[in-house]
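A structural walkthrough
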Amino acid sequence: LMNNLQKEGSTNLRQENCRAKGGSPGFKVAILGAAGGIGQPLAMLMKMNPLVSVLHLYDVVNTPGVTADISHMDTGAVVHGFLGQQQLEDALTGMDLVIIPAGVPRKPGMTRDDLFNINAGIVRTLCEGISKCCPKAIVNLISNPVNSTVPIAAEVFKRAGTYDPRRLLGVTMLDVVRANTFVAEVLGLDPRDIDVPVVGGHAGVTILPLLSQVKPPCSFTQEETEYLTSRIQNGGTEVVEAKAGAGSATLSMAYAAVKFADACLHALRGDAGVIQCAFVSSQVTELPFFASRVRLGRNGVEEIYPLGPLNEYERVGLEKAKKELGGSIEKGVSFTTGSS
Ligand code: NAD
Ligand code: LMR
């Protein structure tokens, strides 16, 4: 009997109906790349999120095992697994939020841009599926190089006629998480009390922490500023080197992704004052995409805040960041427009 029930998925359906009647404000969330280094802990943490009622786990390998494992957690969300491209559409249909950590990670000696050739095509395929099956979903894009994959996603959505710039967000939360941690270390404070805006993009010098705008207000020596800026910009490489060929940040990234996804879900629910940094379509600079503080609401990005007053060190950093970022954005745009 159990086998039949499991095969038909009828236990899950009954659970979903029962929870829907309970009136819980549950959202439907899909993770694409759910069996990976980020995907697995991210799936576990999303299964623990009380705002999630249905969790879809999609990957091209190993989703049955990850799904069986996570589905035994006695939390509210009902979990379904999807394996291989023929199940992508089922994975996406009806989703409110789609989180994408699919794609290859760096090894020592590589830049994030070295991942472009493989990850660009993966992101394109996944976004074509989103256009078709859940064009209104909020998309949290994690796959690197974020500076190029977000423009790729935008072009795919434009071509499909479904593009809503408010709903496409490149996840730069890990830069903020790192910045909060490293600044707290220098100041001897609790990282939970620190908020560092990090703007620009998500690679090397495009990652621009605004240390002059740290909350609570504090000041740094020139030496501290240089140390912190460099450590935040190279945080990803620090992990890649420590893992010595076994991949890049996965656990801190899953934590950051959940922090960001949770903010998106609170905003979708209608909570006021949800503000996070993200890499989005923007008019804050002359570039078409830029990471800065944004206010999230029921439609995704409701308001993009200007950069605020920068000191001389940050103004120089901003020029460097824009130069590199412009090229990465262009590369993403032409990947899609250059192909049929
Ligand atoms: P991983 O190799 O451990 O996992 C990636 C998963 O993607 C694998 O399970 C793989 O099967 C899956 N995948 C590959 N092609 C797919 C496809 N077409 N459809 C669905 N799934 C597919 O890598 P990881 O460590 O989890 O990193 C994933 C990505 O996230 C990398 O590109 C990495 O650079 C990036 N990343 C971004 C940030 C950020 O701050 N934005 C932080 C860390 C890592
Ligand atoms: C990170 O910042 O940790 C990620 O972008 C992964 C990487 O390649 O550094």
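Residues numbered from 1 in each chain as written. Chains lettered and ligands numbered in written order. Predicted model: local features only at pLDDT ≥ 70, side-chain atom pairs only at ≥ 80, totals over all residues.

We now examine the packing of helix 3 (residues 39–47) against helix 11 (residues 251–269). Helix 11 packs onto helix 3 with a crossing angle of 40 degrees between their chain directions and a minimal axis gap of 8 Å. Relative to helix 11, the element helix 3 is oriented oblique. When the axes of helix 3 and helix 11 are compared, the crossing they make is right-handed. Every residue of helix 11 that contacts helix 3 at Pro-41, Leu-42, Leu-45 and Met-46 is listed here: Leu-251, Ala-254, Ala-257, Val-258 and Ala-261. Per-class residue counts for the contact of helix 3 with helix 11 are 9 nonpolar, no polar and no charged. (Axes fitted to C-alpha atoms, helices over the stretch in contact; angles between N-to-C directions. Helix = DSSP H or I, 4+ residues; strand = E, 2+ residues; numbered from the N terminus. Parallel < 35°, antiparallel > 145°, perpendicular 65-115°, else oblique. Left-handed = near helix turned anticlockwise from the far one by under 90°. Contact = placed C-beta atoms within 7 Å. Nonpolar A, V, L, I, M, F, W, Y, C, P; charged D, E, K, R; others polar.)

Summarising the element assignment, Met-73 is placed in the loop between helix 4 (63–71) and strand 3 (78–83). According to the C-beta neighbour criterion, Met-73 is partly exposed, with 13 such atoms within 10 Å. For the pair Met-73 and Met-48, spaced 25 residues apart in sequence, the C-alpha separation works out to 8.3 Å. (Buried ≥ 20, exposed ≤ 12 C-beta atoms within 10 Å, placed from the backbone.)

Okay, the UniProt feature "domain: Lactate/malate dehydrogenase C-terminal" (unreviewed entry) in the protein next. Feature annotation in UniProt assigns "domain: Lactate/malate dehydrogenase C-terminal" (unreviewed entry) to the following positions: residues 172–335. Taken end to end, residues 172–335 is 48% helix and 17% strand, and its first and last C-alpha atoms sit 22 Å apart. (UniProt positions renumbered as here; feature names shortened; annotations may be inferred.)

Turning our eyes to something else, we now look at the environment of Ala-256. Relative to the assigned elements, Ala-256 resides in helix 11. Along the sequence, Ala-256 and Lys-322 sit 66 residues apart, while their C-alpha atoms lie 24 Å from each other.

Contacts to ligand 2 come from Pro-105, Arg-106, Arg-112, Asn-144, Leu-174, His-202, Gly-235, Gly-236, Val-239, Val-240, Ser-248 and Ala-249. In terms of residues, the shell around ligand 2 owes the most to one element, helix 10 (residues 235–243), which gives 4 residues. (Near = placed C-beta within 6 Å.)

We now examine the UniProt feature "domain: Lactate/malate dehydrogenase N-terminal" (unreviewed entry) in the protein. Taking the numbering used here, the UniProt-annotated feature "domain: Lactate/malate dehydrogenase N-terminal" (unreviewed entry) corresponds to residues 28–170. The straight-line gap between the two end C-alpha atoms of residues 28–170 is 20 Å; of that span, 39% is helix and 21% is strand.

The next point concerns helix 3. Because an α-helix completes one turn every 3.6 residues, residues spaced three or four positions apart along the sequence face the same direction. If you check which residues of helix 3 are buried, you get Gly-39, Gln-40, Leu-42, Ala-43, Met-46 and Lys-47. Burial along helix 3 is one-sided: seen end-on, the buried residues are contained in an arc of 165 degrees. In the core, the buried residues of helix 3 are packed alongside strand 1 (27–32), strand 2 (52–59), helix 4, strand 3, strand 4 (97–100) and helix 11. (Arc of directions from axis to C-beta.)

Attention now goes to unusual backbone geometry. Note the cis peptide between Asn-144 and Pro-145, where omega equals -5 degrees. Within the secondary structure, Pro-145 is located in the loop between strand 5 (138–141) and helix 7 (146–160). Cis rather than trans, the peptide bond between Lys-215 and Pro-216 has omega equal to 0 degrees. Along the chain, Pro-216 turns up in the loop between strand 8 (207–209) and helix 9 (222–233). The backbone of Asn-62 sits at a positive phi, close to 65 degrees, despite the residue not being glycine. Mapped onto the secondary structure, Asn-62 falls in the loop between strand 2 and helix 4. Look at Asn-62 and you get partly exposed, because 16 C-beta atoms sit within 10 Å. The residue Ala-244 is not glycine, and still its phi comes out positive at about 50 degrees.

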